[in-house]
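Residue-level structure breakdown
Chain by chain, the residues run as shown.
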Amino acid sequence: PTNNDAGDADTGPNNRQNFPVLTSATTDGTGSMTIGGTLNSNANSYFRIELFTSSTVSAYGRGEARIYLGYVDITTDASGNASFSTTLSGVLPAGYAVSATATRSAAGFASFTDTSESSATVLARLVTAPTGADAILMMTEDLPAVLTAALFGFADADGDAFAAVRIDTLPASGTLTLNGTAVIAGQTIARADLDSAWLVYMPAPDANDTNTPPAQRRFTFSVRDDTGIYADTPSTLTFSITAANDA
């Protein structure tokens, strides 16, 4: 294999086009995969990254390109750099070797010229959906409560980090706000916003466990990990509101 050179100024067969550097390949094992990487080549130029897989790795660590997975089109910046992350449909078994090539293109990606050698491989990693957990938040009538990240019970068998939570349904009684603005159903709240104490529940005036049914003081949510995967099943957060003496 020919090593990449910064800026891709060398010449020879196919102008010794630099090959991509793959950084990750994840799969759900059933029908979706996400592959990421980088390319350094000529500045302000167009390339098609084609992606392949095989069950084995060649003796020199490059892909054998037995199965075509798909492609992603990229444009390098003024320094000749581009990064990519693309999600493709198809079955990619965990542990399979993923590789890529880069082919120079004209603007519009309608005609192509030089193609690189195959990249070094990365092995596809199986990812599973994270889970949240049902919870009860104890609070007091007519006082707001901050919803912290810990309340959502995030867990991930792959070791991925808690990135966000989607509010799937809203409580019928009271209001959820994010930094003072009403939350809407389907809105995604970043972990950083939770850590900033921006997600707040304010019960309806005088509402408590005695006069407000549980179904009206709860909402459903789905946690998301840092690979972009949401929990398969929503969880429920219920507010238990202690009555206050209004005398």
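Residues numbered from 1 in each chain as written. Predicted model: local features only at pLDDT ≥ 70, side-chain atom pairs only at ≥ 80, totals over all residues. Heavy atoms only, no water.

Okay, the pairing of strand β3 (residues 46-54) next. A large share of β3 lies buried, amounting to 7 of its 9 residues. Here β3 runs beside strand β4 (residues 67-75); their pairing, made up of 8 bridges, is antiparallel. Bridge pairing in β4 places Phe52 opposite Tyr68. Sheet analysis places β3 next to strand β6 (residues 97-105), joined by 9 bridges and oriented antiparallel. Within β6, the residue paired with Phe47 across the bridge is Arg104. (Buried < 20%, exposed > 50% of the residue type's maximum accessible area, 1.4 Å probe, protein only. Helix = DSSP H or I, 4+ residues; strand = E, 2+ residues; numbered from the N terminus. Pairing = 2+ DSSP bridges.)

For a regular strand, side-chain orientation follows a simple rule: the groups alternate between the two sheet faces. Strand β12 (residues 162-167) sits mainly inside the fold: 5 of its 6 residues count as buried. Summarising the sheet, β12 and strand β17 (residues 218-225) pair through 5 bridges and their orientation is antiparallel. Within the sheet, the bridge partner assigned to Arg166 lies in β17 and is Ser222. Where β12 lies against strand β15 (residues 188-190), 3 bridges are found, and the strand directions are antiparallel. Pairing of Ala164 across the sheet is with Ala190, part of β15.

This brings us to the sheet that holds strand β5 (residues 81-89). Spatially, β5-β2-β1-β9 is the arrangement adopted by the 4 strands of the open sheet, whose pairing is mixed. Edge positions in the sheet fall to β5 and β9 (125-126), since each has one partner strand and no second.

Before going further, it helps to spend a moment on the nonpolar core. In this structure, Leu147, Phe152, Phe219 and Phe239 are the most contacted members of the largest nonpolar core, which totals 25 residues. Of all the secondary structure elements, the ones that give two or more residues to this core are β10 (135-140), β12, β13 (175-178), β16 (199-202), β17 and β18 (235-242). Within the second largest apolar cluster, 20 residues are counted, among which are Ala25, Met33, Ile35 and Leu51. (Core = buried A, V, L, I, M, F, W, Y, C linked by side-chain atoms within 4.5 Å.)

Note on placement: Leu126 falls in strand β9. Here Leu126 falls in the partly exposed class, since its relative accessible area comes to 41%. Residues Leu126 and Asp28, spaced 98 residues apart in sequence, show a C-alpha to C-alpha distance of 5.7 Å. Once residues within four sequence positions are removed from consideration, Leu126 is found in contact with Thr27, Asp28, Gly29, Ala94 and Asp158. (Contact = heavy atoms within 4.5 Å.)

No statement about biological role is implied by the geometric values presented.
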